[in-house]
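Listed here are the chains, written in short residue letters.
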Amino acid sequence: MSVPLSVILLSLLMGNMGAAARPVISFSPNWTPILTGDSVTLSCNGAPPAQGNEKYSWYRDNNPIPGEEQKNYIIQRAQREHSGRYKCQISERSVALQLTVSDDKVVLQAPPGVHEGEGLTLRCYTRPEYKKTNTLVFYKNNSTIQSLGSDYLVLGRAQTHMSGSYRCRTEIYDKSVGYTINYTSAEEHLSVTDH
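Residues numbered from 1 in each chain as written. Predicted model: local features only at pLDDT ≥ 70, side-chain atom pairs only at ≥ 80, totals over all residues. Heavy atoms only, no water.

## Here's the deal with the sheet that holds strand 10 (residues 106-109)
Part 1 of the reasoning: As summarised here, the arrangement of the three strands in space is 10-12-15, forming an open sheet in which the pairing is antiparallel. Both outer strands of the open sheet, strand 10 and strand 15 (152-157), are each paired with one neighbouring strand and no more. Strand-to-strand twist of the sheet, defined as the mean angle between neighbouring strand axes without regard to direction, takes the value 10°.
Part 2 of the reasoning: Where strand 10 meets strand 12 (residues 119-126), four bridges bridge the pair, whose relative direction is antiparallel. Within strand 12, the position partnered with Val-107 by the bridge is Tyr-125. (Pairing = 2+ DSSP bridges. Helix = DSSP H or I, 4+ residues; strand = E, 2+ residues; numbered from the N terminus. Axes fitted to C-alpha atoms, helices over the stretch in contact; angles between N-to-C directions.)

Structure follows, in structure tokens:
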């Protein structure tokens, strides 16, 4: 039994139409959450749009962001209302990536969208107007994982068992009270996914 040429051509055409890969969003600097007043660049990485149609679309919480049609979406002096799940679209729409903007004094930062096998570092990030003395402790699921005296916790290659809730405690000089206090960040949930 032979297959008609029109069926072969249609299946080839459909196969090529489905070949467009989903774009992927990246952040620069590659941390979340960020603090109010920080700047961040979101990039839509993927196959460029069809020739002559260099249009990108950006979405926050599935709502279009008007006037943003470039590969990079820059947020200057972020505010809490910039928090949300971001997507971009070239020919296909990307998977959402969460950006959180905090007005806290200290946050535990991690790269967004961590995949198994990627290098993984966490950061205890203090608002610039507080004179930080040193980071005392990092926690995972309320257990101490390391006391470093450093803002960074290098975990090595990400593994799924590294998923969990993380926070850090640091000493900061709080001008509003006039002395140094221990300050603990809010918990941030880190999810390491396999490919």
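Anyway, onward from the coordinates.
## Quick word on the pattern of salt bridges
Once their charged atoms are close, side chains differing in charge can pair, the charge on each being opposite to the other.
Part 1 of the reasoning: In this structure the tally under the stated criterion is three salt bridges.
Part 2 of the reasoning: Of the charged contacts in the structure, one is a salt bridge between Glu-129 and Arg-127, with a shortest N-O distance of 3.8 Å.
Part 3 of the reasoning: In this structure Glu-129 comes out as partly exposed when scored by relative accessible area, which is 40%.
Part 4 of the reasoning: By relative accessible area, which is 10% here, Arg-127 ends up buried.
Part 5 of the reasoning: For Glu-187, the salt bridge is made with Arg-167, and the minimal N-O distance between the two is 3.9 Å. (Salt bridge = Lys/Arg side-chain N within 4 Å of Asp/Glu carboxyl O. Buried < 20%, exposed > 50% of the residue type's maximum accessible area, 1.4 Å probe, protein only.)

## Some details on the packing of aromatic side chains
Part 1 of the reasoning: Under the counting rule described, the total for this entry stands at three aromatic pairs.
Part 2 of the reasoning: Measuring from centroid to centroid gives 6.1 Å for Tyr-73 and Tyr-86, while their planes differ by 40°, and the two rings are tilted. Of this pair, Tyr-73 sits in strand 6 (residues 72-75) while Tyr-86 sits in strand 7 (residues 84-89), placing them 13 residues apart in sequence.
Part 3 of the reasoning: Ring pairing ties together the aromatic residues Trp-58, Tyr-73 and Tyr-86, which thus form one cluster.
Part 4 of the reasoning: Note that Arg-93 overlies the ring of Tyr-59, its terminal NZ or CZ placed 3.7 Å from the centroid.
Part 5 of the reasoning: Above the plane of the ring of Tyr-125 lies Arg-123, whose end atom (NZ or CZ) is 4.3 Å from the centre. (Phe/Tyr/Trp six-rings, centres within 6.5 Å; stacked < 30°, edge-to-face > 60°. Lys NZ or Arg CZ within 6 Å of the ring centre and 35° of its normal.)

## Digging into the side chain of Thr-126
Part 1 of the reasoning: Mapped onto the elements, Thr-126 comes out in strand 12.
Part 2 of the reasoning: Each residue touching Thr-126, except ones within four places of it in the same chain, is listed here: Leu-35, Lys-105, Val-106, Lys-132, Thr-170 and Ile-172. (Contact = heavy atoms within 4.5 Å.)

## Quick look at the confidence of the model for the protein chain
Part 1 of the reasoning: Summary statistics for the protein chain give a mean pLDDT of 84 and a share of 85% for residues scoring 70 or more.
Part 2 of the reasoning: Note that residues 1-19 has pLDDT below 50 and, in this model, one contact with residues that lie over four places away or in other chains. (pLDDT = per-residue confidence, 0-100.)

## With respect to the pairing of strand 7
Part 1 of the reasoning: For strand 4 (residues 57-60) and strand 7, the ladder comprises four bridges, and the chain directions are antiparallel. Considered in strand 7, the bridge of Trp-58 is made with Cys-88.
Part 2 of the reasoning: Sheet topology places strand 7 next to strand 8 (residues 97-99); three bridges connect them, and they run antiparallel. Of the residues in strand 8, the one forming a bridge with Gly-84 is Leu-99.

## Considering the state of the cysteines
Part 1 of the reasoning: Within the structure shown, the criterion is met by two disulfides.
Part 2 of the reasoning: The disulfide partner of Cys-44 is Cys-88, and the gap between their sulfur atoms is 2.1 Å. Residues Cys-44 and Cys-88 share a disulfide whose torsion about the S-S bond is about 75°; that sign makes it right-handed. Taken as a pair, Cys-44 in strand 3 (residues 40-45) and Cys-88 in strand 7 lie far apart in primary sequence, 44 residues in all.
Part 3 of the reasoning: Residue Cys-44 is classed as buried on the basis of its relative accessible area, which comes to 0%.
Part 4 of the reasoning: The disulfide that involves Cys-124 links it to Cys-168, with 2.0 Å between the sulfurs. What sets the handedness of the Cys-124 and Cys-168 disulfide is the S-S torsion sign, and at about 75° it is right-handed. Of this pair, Cys-124 sits in strand 12 while Cys-168 sits in strand 16 (residues 164-174), and the two are 44 residues apart along the sequence. Of the two residues examined, Cys-124 and Cys-168, each falls in the buried class.
Part 5 of the reasoning: Regarding the disulfides, the protein chain carries the connectivity 1-2, 3-4 under sequence-order numbering of its bonded cysteines. (Disulfide = S-S within 2.5 Å.)

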